[in-house]
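What follows is the residue order along each chain.
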Amino acid sequence: MTLKKACIYGAGAIGGWLGVALAKAGCELAAVARGETLAALRSQGLTLVHGDMRETVALRAEEDPAALGVQDVVVIAVKAPAMPEVARRIAPLIGPQTLVLTAMNGVPWWFLAGGVDASLRGLQLKTVDPQGEIAQAIPTTQVIGSVVHASCSLDAPGVVRRHFGNSIIVGEPTALPGDASTERLLALAELLRAGGLEVKVSDNIQRDAWYKLWGNMTMNPVSAITGATTDKILGDELVRGFITSVMLEAKEIGARIGLPIADTPQDRHQVTLKLGSFKTSMLQDVEAGKPVELDALVGAVREMGVLCGVATPSTDALLGLARLRARQLGLYPA
């Protein structure tokens, strides 16, 4: 399978990181952007900084996807609140063979397509795609899911700084237990490796997404409510206990939907503490006045609890408090 034309939809920190990799792998790179990012990409290209290393790649940047036409690979790297607009505009980029790689936080719209218990398979999560418009605009059969393990930020529009981590897990959302990796999945994995990334091919991308979510579904909203960094959050005994109760509810949901987690919340706390003091992405969004991803990170977990009969009082409290805080700031719809 030949993958030569690639487009980044959402040329922020993670989208830029992936864009540089695709360009280095030999792709003709494009991006859909607007405002300062569009101007920066057109005038100076896309730059990745890591330590003393600085790489700049050329690309074509347009505000209108129709100006770019059908791509071999489209990377969607936007925050979940932006997805309805992406769904309305993305059609010109997607042909019958286009691969759509999602690089997003939380539970995506394709989460119940495969890899979960048969009783939930094929259902649509109302919290992440209320009207089904995302699923209609982006065929799940053309999606490749991913879980990113890289910490990146923007120094300026079009300038991405990678702090630590350089890996990505990719998998087919519709894959069922025992399915072999598809030719297109392996081709995409090789392309990303050629661009310098560490790539793992997953036989159940839902499992990998759920495990990552299990850690950040609590730290993100608690930081948005309190304004505290992760070390201070976990350093407070009462807050840590509350986070543990939320994680235990999510762990039970995972067991019910076919995505069991062997670790304890305490195991995961230790992993987070080793990363030191940092601001979560949701806290950064709050400080920047950007919409927050509560539905994809917490609301979807609560919805799956309802679907599989798991009571979620702690998750409900977390969602309610974070939602109220975000609404007060004008960062979540009333």
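As recorded in an unreviewed UniProt entry, the protein goes by the name 2-dehydropantoate 2-reductase, listed as coming from Comamonas resistens. A UniProt comment under Catalytic activity (unreviewed entry) is attached to the protein, and it reads "(R)-pantoate + NADP(+) = 2-dehydropantoate + NADPH + H(+)". Under the UniProt heading Pathway (unreviewed entry), the entry covering the protein gives this text: "Cofactor biosynthesis; (R)-pantothenate biosynthesis; (R)-pantoate from 3-methyl-2-oxobutanoate: step 2/2."

Caption draft 1: The packing of helix 6 (residues 205–226) against helix 9 (residues 265–274), seen in detail. The contact between helix 6 and helix 9 brings their axes to 11 Å, and the two run at 75°. Our classification of the angle between helix 6 and helix 9 gives roughly perpendicular. Packed against helix 6, whose contacting residues are Y211, K212, W214, G215 and M219, the element helix 9 presents P265, R268 and T272 at the interface.

Caption draft 2: Examining the UniProt feature "domain: Ketopantoate reductase C-terminal" (unreviewed entry) in the protein more closely. According to UniProt, the "domain: Ketopantoate reductase C-terminal" (unreviewed entry) feature falls on residues 204–324. Between the C-alpha atoms that bound residues 204–324 the distance is 34 Å, and the span itself is 77% helix and 0% strand.

Caption draft 3: Here's a closer look at the packing of aromatic side chains. All chains considered together, the criterion is met by two aromatic pairs. Centroid distance F111 to W210: 6.1 Å. Interplanar angle 35°. Geometry classified as tilted. With F111 in the loop between strand 7 (94–102) and helix 4 (133–137) and W210 in helix 6, this pair connects stretches of sequence that are 99 residues apart. You'll find F111 and W210 in the same group, each marked buried. For R268, the ring lying beneath its charged end belongs to Y211, and the centroid distance is 4.7 Å.

Caption draft 4: Main features of the side chain of T312. Checked against the element boundaries, T312 lands in the loop between helix 11 (294–308) and helix 12 (313–328). Take T312: its relative accessible area is 7%, and that puts it in the buried class. Residues contacting T312, with those up to four places away along its chain left out, are E249, I253 and R302.

Caption draft 5: The layout of surface pockets, seen in detail. Volume-wise, the second largest pocket comes out at about 370 Å³. If you trace the second largest pocket, you find 23 residues lining it, with A80, P81, T127, V128 and D295 closest to the centre. Within the residue set of the lining of the second largest pocket, elements represented by two or more residues are helix 3 (83–89), helix 4 and helix 11. Ranked by residues supplied to the lining of the second largest pocket, first place goes to helix 11 with three residues.

Criteria and thresholds
Position numbers for residues count from 1 along each chain, tracking the sequence in the order it is written. pLDDT decides what is reported in this predicted model: residues at 70 or higher carry local features, side-chain atom pairs at 80 or more are listed and counted, and totals for whole chains, interfaces and linings draw on all residues regardless. Heavy atoms throughout the structure, all of them, feed into the side-chain values; hydrogens and water do not. UniProt positions are given in the numbering used here, feature names are shortened, and annotations may be inferred rather than shown by experiment. Angles run from 0 to 180 degrees between N-to-C directions of axes, and those axes are lines fitted to C-alpha atoms, restricted for helices to the stretch in contact. Segments assigned H or I by DSSP are reported as helices when at least four residues long, segments assigned E as strands when at least two residues long, and all are numbered from the N terminus. The labels follow the angle: roughly parallel below 35 degrees, roughly antiparallel above 145, roughly perpendicular from 65 to 115, and oblique for the rest. Whether two residues are in contact is decided by their heavy atoms: any pair within 4.5 Å suffices. We call Phe, Tyr and Trp rings a pair once their centres come within 6.5 Å, taking the six-membered ring for Trp, and we label the pair stacked below 30 degrees between planes, edge-to-face above 60, and tilted otherwise. Classification of residues uses two cut-offs on accessible area relative to the type maximum, computed with a 1.4 Å probe and protein chains only: under 20% is buried, over 50% is exposed, and between them is partly exposed. To sit over a ring, a charge needs its Lys NZ or Arg CZ within 6 Å of the ring centre and within 35 degrees of the ring normal. Think of a 1 Å grid over just the protein atoms. A cavity is a set of points where a 1.4 Å probe fits yet cannot get out, a pocket is an open set with protein on both sides within 12 Å along at least five of seven lines, and lining residues have an atom within 4 Å of a point. Grid points are joined across faces, edges and corners, and a volume is the space filled by probe spheres set on the points.

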